[in-house]
Amino acid sequence: MTTKLLGIHHVTAITSDSQKNVDFYVGVLGLRLVKKTVNFDEPESYHLYYGDLSGTPGTILTFFPWASIAPQGFRGTGQVATVAFSLPRQSLRFWVTRLKTHGISFTGPIVRFEEDVISFEDPDGMRLELVFHQQEQRQAWKSPSVLPAHAIRGIFGVRMMIEGYEESAQLLTKTLGFQLCGEQDGLFRFNLGEEKPGMVLDVECKPDAPKGRMGIGTVHHVAWRIGSEEQLQIRKNELSKLHINATPIVDRKYYRSLYFREPGNVLFEMATDAPGFLVDEPLESLGSNLCLPKWLEGQRGYLERSLPVIAQPS
């Protein structure tokens with residue numbers, strides 16, 4: 001049985017304000033709010049999922065609104081420092097104009113690994129990039145705010161910043177199935193066997209940089225796709241043999257997953273594609289209702305009164 005990782009499943013970050021977050025990621029970037037649920041471990045806070053039409057793995061960026069329990073984060077080593085979205089190459093001019101129109105400061109475009117890249121920050125200071133890629137073939141979500149021809153297609157990849165390189169690189173290549181495919185200006189590019197969006201992990205080695213602090217405006221973890229719960233267990237056993245502690249397999253309702261820290265202290269997750277985001281809402285109304293796991297349904301009334309009302313941008 002192959003236990004090959006299939007690409008990025010999702011990235012999860014921390015925000016200060018749910019409405020501000022929705023306004024930016026739906027209203028400005030044109031993503032779809034595909035699931036409005038709660039953090040299963042901290043159910044008095046939302047867990048917001050953004051993606052494409054159906055929440056396809058590889059298009060998903062999620063947020064915990066943790067203003068009451070998390071300080072402002074600090075970007076440094078031991079973190080995913082940048083999340084990059086992928087767009088068709090011909091959309092560069094559209095996005096330069098759109099960011100200017102919305103008053104968003106950005107740098108670029110620059111050329112990195114033969115791709116045009118624009119860098120900017122979201123309202124909480126999380127670093128984002130738009131990567132304009134000639135191989136981007138994923139279907140666009142028909143957002144009310146962004147023309148389909150120029151819509152974000154999904155996650156291109158992430159960049160993690162670590163203090164040391166060798167142990168992380170060994171785990172990536174010897175155990176997790178990544179391949180080193182390039183190096184530019186001290187940035188090491190890995191992929192999962194194909195040089196296409198959704199399979200990219202950039203590693204930045206910064207031995208003199210300060211350690212990052214998890215909090216508002218930082219990435220909590222990156223999740224990698226895996227085929228089944230059985231394969232998750234095989235991977236868990238492999239990690240155990242390497243003396244890497246992994247959590248038990250957990251039920252996140254929309255996927256099954258486990259978590260572990262790679263040698264550079266970046267939190268990784270492995271997550272199954274199934275059962276997906278259509279298990280509790282039809283496609284046409286994804287993200288419209290507060291969805292809860294069955295073990296929290298008894299608290300629905302309390303949670304609906306406690307959580308802030310979120311309005312989707314028109």
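Keep in mind that what you see is a predicted model, and the values were worked out from it rather than measured. (Residues numbered from 1 in each chain as written. Predicted model: local features only at pLDDT ≥ 70, side-chain atom pairs only at ≥ 80, totals over all residues. Heavy atoms only, no water.)

Asker: When you look at the environment of tryptophan 95 in this model, what are you seeing that I'm missing?
Answerer: Here tryptophan 95 is to be found in helix 2 (residues 92–101). You can call tryptophan 95 buried: its relative accessible area is 0%. In this structure, the C-alpha to C-alpha distance between tryptophan 95 and phenylalanine 156, residues 61 residues apart in sequence, is 16 Å. With residues near it in sequence (within four places) discarded, tryptophan 95 still touches Val28, Leu29, Leu87, Leu130, Phe132, Val146, His150 and Ile152. (Helix = DSSP H or I, 4+ residues; strand = E, 2+ residues; numbered from the N terminus. Buried < 20%, exposed > 50% of the residue type's maximum accessible area, 1.4 Å probe, protein only. Contact = heavy atoms within 4.5 Å.)

Asker: Honestly, the sheet that holds strand 1 (residues 8–15) in this entry has me stumped. Any pointers?
Answerer: Two orientations exist for strands paired in a sheet by backbone hydrogen bonds: parallel and antiparallel. Pairing in this open sheet of eight strands is mixed, and the strands run 2-3-4-1-13-16-15-14 from one edge to the other. Because the sheet does not close on itself, it has two edges, and the strands there are strand 2 (32–38) and strand 14 (250–251). Across six bridges, the pairing between strand 15 (residues 255–261) and strand 16 (residues 267–275) is antiparallel. Opposite tyrosine 255, over in strand 16, you have proline 275 as the bridge partner. (Pairing = 2+ DSSP bridges.)

Asker: For this particular structure, what's the right way to read the pairing of strand 2?
Answerer: The side chains of a regular strand alternate, residue by residue, between the two faces of the sheet. The buried count for strand 2 comes to seven of seven residues, which makes it a mostly enclosed element. By the bridge criterion, six bridges tie strand 2 to strand 3 (residues 46–51) in an arrangement that is antiparallel. When the bridges of strand 3 are listed, lysine 36 appears paired with leucine 48.

Asker: Would you mind going over helix 3 (residues 166–175) with me for this structure?
Answerer: An α-helix turns once per 3.6 residues; consequently, residues spaced three or four apart project the same way. All of the buried residues in helix 3 are Ser168, Ala169, Leu171, Leu172 and Thr175. Where helix 3 is buried, its residues contact strand 9 (154–162), strand 11 (187–191), strand 12 (200–205), helix 4 (229–241), strand 15 and strand 16. Positive phi shows up at glycine 177, right after helix 3, with a value of about 90°.

Asker: Looking at this structure, I do not really get the pattern of salt bridges. What am I missing?
Answerer: Oppositely charged side chains can form a pair if their charged atoms are brought close together. Under the defined criterion, the tally for this structure stands at 20 salt bridges. Here lysine 196 and glutamate 194 are joined by a salt bridge, their closest N and O atoms 3.7 Å apart. Notably, a salt bridge pairs glutamate 297 with arginine 300, separated by 2.9 Å at the nearest N-O pair. Overall, the relative accessible area of 36% leaves glutamate 297 in the partly exposed class. Judged by relative accessible area, arginine 300 falls into the partly exposed class, the value being 22%. One salt-bridge network, in which partners are shared between bridges, spans Arg112, Glu129, Arg159, Glu204 and Lys206. (Salt bridge = Lys/Arg side-chain N within 4 Å of Asp/Glu carboxyl O.)

Asker: Help me understand the layout of surface pockets in this model?
Answerer: A probe as big as a water molecule, rolled over the atoms, marks out the empty space that is left. Space inside the largest pocket adds up to approximately 380 Å³. Lining the largest pocket are 25 residues, with Thr56, Pro57, Thr59, Arg138 and Arg153 sitting closest to its centre. Each residue belonging to the lining of the largest pocket can be placed in one class, and the counts come to eight nonpolar, nine polar and eight charged. (1 Å grid on protein atoms, 1.4 Å probe; cavity = no way out; pocket = protein on both sides within 12 Å on 5 of 7 lines; lining within 4 Å. Points joined across faces, edges and corners; volume = space filled by probe spheres on them. Nonpolar A, V, L, I, M, F, W, Y, C, P; charged D, E, K, R; others polar.)

Asker: Where do I start with the nonpolar core in this structure?
Answerer: By size, the foremost hydrophobic cluster in this structure holds 72 residues, and its most contacted members are Tyr25, Leu29, Phe85, Leu201, Phe260 and Phe268. The dominant element in this core, judged by the number of residues it contributes, is helix 1 (residues 18–28), at five residues. Dropping the residues within four chain positions of it, phenylalanine 268 is found in contact with Met160, Leu172, Leu176, Leu201, Val222, Trp224, Leu258, Tyr259, Phe260 and Glu262. Of all hydrophobic cores here, the second largest spans ten residues; its members include Val34, Tyr49, Tyr254 and Ala271. (Core = buried A, V, L, I, M, F, W, Y, C linked by side-chain atoms within 4.5 Å.)

Asker: It is not clear to me how the pairing of strand 11 should be interpreted in this structure. Could you clarify?
Answerer: Most of strand 11 is tucked away: five of the five residues are buried. Neither face of strand 11 is open: one carries Leu187, Arg189 and Asn191, the other Phe188 and Phe190, and all of them are buried. In terms of strand pairing, strand 10 (residues 179–184) meets strand 11 through five bridges, oriented antiparallel. Paired with glutamate 183 across the two strands is phenylalanine 188, which belongs to strand 11.

Asker: What's the story with the packing of aromatic side chains in this structure? I'm lost.
Answerer: The geometry of an aromatic ring pair is captured by two quantities: the separation of the ring centres and the angle between the planes. Scanning the model with the defined rule gives 15 aromatic pairs in all. Seen in terms of ring centroids, phenylalanine 260 and phenylalanine 268 are 5.8 Å apart; in terms of plane orientation they differ by 80°. Their pairing is edge-to-face. Accessibility assignment for this pair places phenylalanine 260 and phenylalanine 268 in one class, buried. (Phe/Tyr/Trp six-rings, centres within 6.5 Å; stacked < 30°, edge-to-face > 60°.)

Asker: Which parts of the structure should I look at to understand helix 2?
Answerer: If you check which residues of helix 2 are buried, you get Leu92, Trp95, Val96, Arg98 and Leu99. Along the axis of helix 2, the buried residues cluster in a sector spanning 165°; they form a single face. Projecting away from the buried face of helix 2 at angles above 90 degrees are the exposed residues Arg93, Lys100 and Thr101. For helix 2, the secondary structure elements touched by its buried residues are helix 1, strand 5 (79–88), strand 6 (106–112), strand 7 (115–121) and strand 8 (127–133). (Arc of directions from axis to C-beta.)

Distances and angles like these do not, on their own, reveal function.
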